[in-house]
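Breakdown of the fold
Listed below, chain by chain, are the residues.
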Amino acid sequence: DKKIKIYPNPVSGILHIEGVWAGAIIELVDILGRRRTGSSPYPPQGETHIVDVSTLVPGVYMVRVNGVVVGRVVKE
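Remember, it's a predicted structure, so these values are computed and weren't measured experimentally.

1. So, the pairing of strand β7 (residues 68–75)
A regular strand places its side chains so that they alternate between the two faces of the sheet. With 7 bridges joining them, strand β6 (residues 59–65) and β7 adopt antiparallel strand pairing. Bridging across to β7, V65 finds its partner in V68. Remark: 2 residues form the turn of the hairpin made by β6 and β7, two consecutive strands paired antiparallel; N66 in that turn has positive phi of roughly 50°.

This is the structure in structure tokens:
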């Protein structure tokens, strides 16, 4: 199994998520469990998915892939 890498963390603009298969549903969820952004699904750039988080309010977000939390990220 590949390890999923999420960077940079903390992030202010573009979040990179590596090791996720093409077609996976990627979501960022706030600490109250509300979905804040999601892929539809984002096309992979190589194997790196890119999520624009620039419009999110600063705070801590869980990163979910196909409904499973795979990490968390701090939005500056």
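2. As for the pattern of salt bridges
Evaluation of the coordinates by the stated rule reveals 5 salt bridges. Notably, a salt bridge pairs R64 with E27, separated by 3.0 Å at the nearest N-O pair. Residue R64 is found in strand β6, and its partner E27 is found in strand β3 (residues 26–30); the two are separated by 37 residues along the sequence. Connected via shared salt-bridge partners are E27, R35 and R64.

3. Some words on the sheet that holds strand β1 (residues 5–7)
Strand order in the open sheet formed by 3 strands is β1-β2-β5, with antiparallel pairing between adjacent strands. Each having just a single partner strand, β1 and β5 (48–52) make up the two edges of the open sheet. Taken over all neighbouring pairs, the strand axes of this sheet differ in orientation by 20° on average, direction set aside. Strand direction decides the pairing type here: strand β2 (residues 14–18) and β5, joined by 5 bridges, are antiparallel. From the neighbouring strand, I17 faces β5, where its bridge partner is H49.

What counts, and at which threshold
Residues numbered from 1 in each chain as written. Predicted model: local features only at pLDDT ≥ 70, side-chain atom pairs only at ≥ 80, totals over all residues. Heavy atoms only, no water. Pairing = 2+ DSSP bridges. Helix = DSSP H or I, 4+ residues; strand = E, 2+ residues; numbered from the N terminus. Salt bridge = Lys/Arg side-chain N within 4 Å of Asp/Glu carboxyl O. Axes fitted to C-alpha atoms, helices over the stretch in contact; angles between N-to-C directions.

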